[in-house]
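Each chain is listed here by its residues.
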Amino acid sequence: MATDLLKGKKGIIFGALNEQSIAWKVAEKAHEQGAEFVLTNAPIALRMGEINKLADATNSEVIPADATNMEDLENLFTKAQEILGGKVDFILHSIGMSPNVRKKKHYTENNYDFYHKTMDISAMSLHRTLSTAMKMDALNEWGSVVGLTYIAAQRVFPDYNDMADAKSLLESIARSFGYHYGEKKKVRINTISQSPTPTTAGTGVKGFDEFISFADSMSPLGNASADECADYTITLFSDFTRKVTMQNLYHDGGFSNTGVSNKVMEKFTK
Ligand SMILES: NC(=O)c1ccc[n+]([C@@H]2O[C@H](COP(=O)([O-])OP(=O)(O)OC[C@H]3O[C@@H](n4cnc5c(N)ncnc54)[C@H](O)[C@@H]3O)[C@@H](O)[C@H]2O)c1
């Protein structure tokens, strides 16, 4: 494995809740590759204190921020730049939550206050983060921003509920802001469309256990793990991908281009 891919780079990592979190794995790998960063999560998610273990292991500080709150985001960028001693080079947006999923509201009967919250937390928070960074000029030229998404933005997965709509919006924001930030500061913005992964957010979706097995059987390389997602994310933060921007990048073992697999067909063969 290459080392020091992120040497000298500074970043902000949103969304490490516990050891299963994709953001947790990204933080561990970014540290291994020589990056310095701050960790952030919603104040309520920090209460369990899990994140302090990660902060100790990666020699990083934790700054609370609700990603739907502009004051919190301004404070985050101010403190991050103080702690890191300058502008940042990478941001991981690894945030998702739907009150409709949590409260088991069927998609056709969604509660609209909840729906607003899903959009704000899971998608508009990326816009808010980028807009704050741009206003404060907090990102270095050739900086890289990665958001995490799911293929329910393109195809119907019935139990993914309003998160499918949030992911469509998230991917669109990455494209649109990617244009503007690219033109202004050469900052690149991409989303990674990840396989189903056993995390707190993932397992909250109805039927997750069956679904993860189905996806695995449909993917020639099998499902991509959180660790593998972190490896891919590191390449996008590195200087080896400087002209990749405004893309939705599938990291799913081939699931997205498979119509049907032999493994799945076997289940229907009499
Ligand atoms: N797990 C999967 O199957 C899967 C698949 C594809 C994409 N993703 C995406 O990956 C990302 C990370 O999720 P994960 O699977 O690691 O689960 P996770 O539950 O570990 O992470 C979700 C994070 O969002 C944070 N969050 C929620 N509300 C917030 C707010 N208002 N402000 C700031 N942070 C907030 C949570 O505290 C948590 O840390 C999400 O965008 C998720 O949709 C997950």
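None of the values given here were measured: they were computed from a predicted structure. (Residues numbered from 1 in each chain as written. Predicted model: local features only at pLDDT ≥ 70, side-chain atom pairs only at ≥ 80, totals over all residues.)

## Section: the environment of Val-38
Next, step 1: Turning to its location among the elements, Val-38 is positioned in strand 2 (residues 36–41).
Next, step 2: Excluding residues that lie within four positions of it along the chain, Val-38 makes contacts with Ile-12, Ser-60, Glu-61, Ile-63, Ala-80, Ile-83 and Leu-84. (Helix = DSSP H or I, 4+ residues; strand = E, 2+ residues; numbered from the N terminus. Contact = placed C-beta atoms within 7 Å.)

## Describing the site of the ligand
Next, step 1: The full set close to the ligand counts 27 residues, and Ser-21, Gly-96, Thr-199, Ala-201 and Gly-202 are the nearest of them.
Next, step 2: Those elements that place two or more of their residues in the shell around the ligand are helix 1 (22–32), strand 5 (139–149) and helix 8 (200–203).
Next, step 3: At 3 residues, the largest contribution of residues to the shell around the ligand is made by helix 8.
Next, step 4: Across the shell around the ligand, the residue classes tally to 14 nonpolar, 12 polar and 1 charged. (Near = placed C-beta within 6 Å. Nonpolar A, V, L, I, M, F, W, Y, C, P; charged D, E, K, R; others polar.)

## As for the UniProt feature "binding site: NAD(+)" (unreviewed entry) in the protein
Next, step 1: Listed under "binding site: NAD(+)" (unreviewed entry) in the UniProt record, and renumbered for this structure, are Gly-15, Ser-21, Ile-22, Ile-95 and Lys-167.
Next, step 2: Leaving out residues up to four positions away in the same chain, Gly-15 has contacts with Ser-21, Ala-23, Asn-41, Ser-94 and Ile-95.
Next, step 3: Relative to the assigned elements, Ser-21 resides in the loop between strand 1 (10–14) and helix 1.
Next, step 4: Residue classification places Ser-21 among the buried positions, given that 25 C-beta atoms sit within 10 Å.
Next, step 5: Beyond its immediate chain neighbours, meaning those up to four positions away, Ser-21 contacts Gly-15, Ala-16, Ser-94 and Thr-199. (UniProt positions renumbered as here; feature names shortened; annotations may be inferred. Buried ≥ 20, exposed ≤ 12 C-beta atoms within 10 Å, placed from the backbone.)

## Side note on the nonpolar core
Next, step 1: Of all hydrophobic cores here, the largest spans 66 residues; its most connected members are Ile-12, Ile-13, Ala-16, Ala-23 and Ala-27.
Next, step 2: Per-element accounting of this core gives the leading share, 8 residues, to helix 7 (residues 163–185).
Next, step 3: When residues no more than four places from it in sequence are discounted, the contact partners of Ile-12 are Phe-37, Val-38, Thr-40, Leu-76, Ala-80, Val-88 and Ile-91. (Core = buried A, V, L, I, M, F, W, Y, C linked by C-beta atoms within 7 Å.)

## Digging into the packing of helix 1 against helix 10 (residues 226–237)
Next, step 1: Between helix 1 and helix 10, whose axes approach to 8 Å, the crossing angle comes to 55°. Between helix 1 and helix 10, the interaxial angle falls into the category oblique. Classified by chirality, the crossing of helix 10 by helix 1 is right-handed. Residues Ile-22, Lys-25, Val-26, Lys-29 and Ala-30 of helix 1 pack against Ala-226, Asp-227, Cys-229, Ala-230, Asp-231, Thr-233, Ile-234 and Phe-237 of helix 10.
Next, step 2: When the residues that make up the contact of helix 1 with helix 10 are grouped by side-chain class, the tally is 8 nonpolar, 1 polar and 4 charged. (Axes fitted to C-alpha atoms, helices over the stretch in contact; angles between N-to-C directions. Parallel < 35°, antiparallel > 145°, perpendicular 65-115°, else oblique. Left-handed = near helix turned anticlockwise from the far one by under 90°.)

## As for the sheet that holds strand 3 (residues 61–64)
Next, step 1: If you walk across this open sheet you meet the 7 strands as 3-2-1-4-5-6-7, and the pairing is parallel. Strands at the two margins of the open sheet, each flanked by one partner only, are strand 3 and strand 7 (248–251). With direction set aside, neighbouring strand axes in the sheet form an average angle of 20°.
Next, step 2: Two strands pair when backbone bridges link them, and strand 1 and strand 4 (residues 88–93) are joined in this way by 3 bridges, in the parallel orientation. When the sheet's bridge partners are listed, Ile-12 is paired in strand 4 with Ile-91.
Next, step 3: Contacts from helix 10 reach strand 1, strand 4, strand 5, strand 6 (188–194) and strand 7, with the element oriented near 165° to strand 6. (Pairing = 2+ DSSP bridges.)

## Observations regarding the UniProt feature "active site" (unreviewed entry) in the protein
Next, step 1: Here the UniProt feature "active site" (unreviewed entry) sits at Tyr-150 and Tyr-160.
Next, step 2: Considering the arrangement of structural elements, one finds Tyr-150 in the loop between strand 5 and helix 7.
Next, step 3: For Tyr-150, a count of 26 C-beta atoms within 10 Å gives the class buried.
Next, step 4: Contacts of Tyr-150, omitting those with residues within four sequence positions, involve Lys-167, Ser-193 and Gln-194.
Next, step 5: With respect to the helices, strands and loops of the structure, Tyr-160 is situated in the loop between strand 5 and helix 7.

## Some points on the pairing of strand 1
Next, step 1: Of all 5 residues making up strand 1, 5 are buried, and the element is well covered by its neighbours.
Next, step 2: Neither face of strand 1 is exposed, since Lys-10, Ile-12 and Phe-14 on one face and Gly-11 and Ile-13 on the opposite face are all buried.
Next, step 3: Across 5 bridges, the pairing between strand 1 and strand 2 is parallel. When the sheet's bridge partners are listed, Ile-13 is paired in strand 2 with Leu-39.
Next, step 4: As a crossover connection, the stretch from strand 1 through helix 1 into strand 2 is right-handed. (Right-handed = clockwise from strand over helix to strand, strands pointing away.)

## Some thoughts on helix 7
Next, step 1: For helix 7, which comprises 23 residues, the first-to-last C-alpha distance of 31 Å matches the rise-based estimate of 33 Å (1.5 Å per residue) to within 8%.
Next, step 2: The largest bend in helix 7 is about 25°, located at Gly-178.
Next, step 3: Residues of helix 7 that are buried include every one of Met-163, Ala-164, Asp-165, Ala-166, Lys-167, Leu-170, Glu-171, Ile-173, Ala-174, Phe-177, Gly-178 and Tyr-181, and no others.
Next, step 4: If you follow the buried residues of helix 7, they end up packed against helix 5 (99–102), helix 6 (112–135), strand 5, strand 6 and strand 7.
Next, step 5: The first or second residue beyond helix 7 is Lys-186, which carries a positive phi of 60°. (Expected span 1.5 Å × (residues − 1). Bend = angle between axes of the 7 residues up to and from the residue.)

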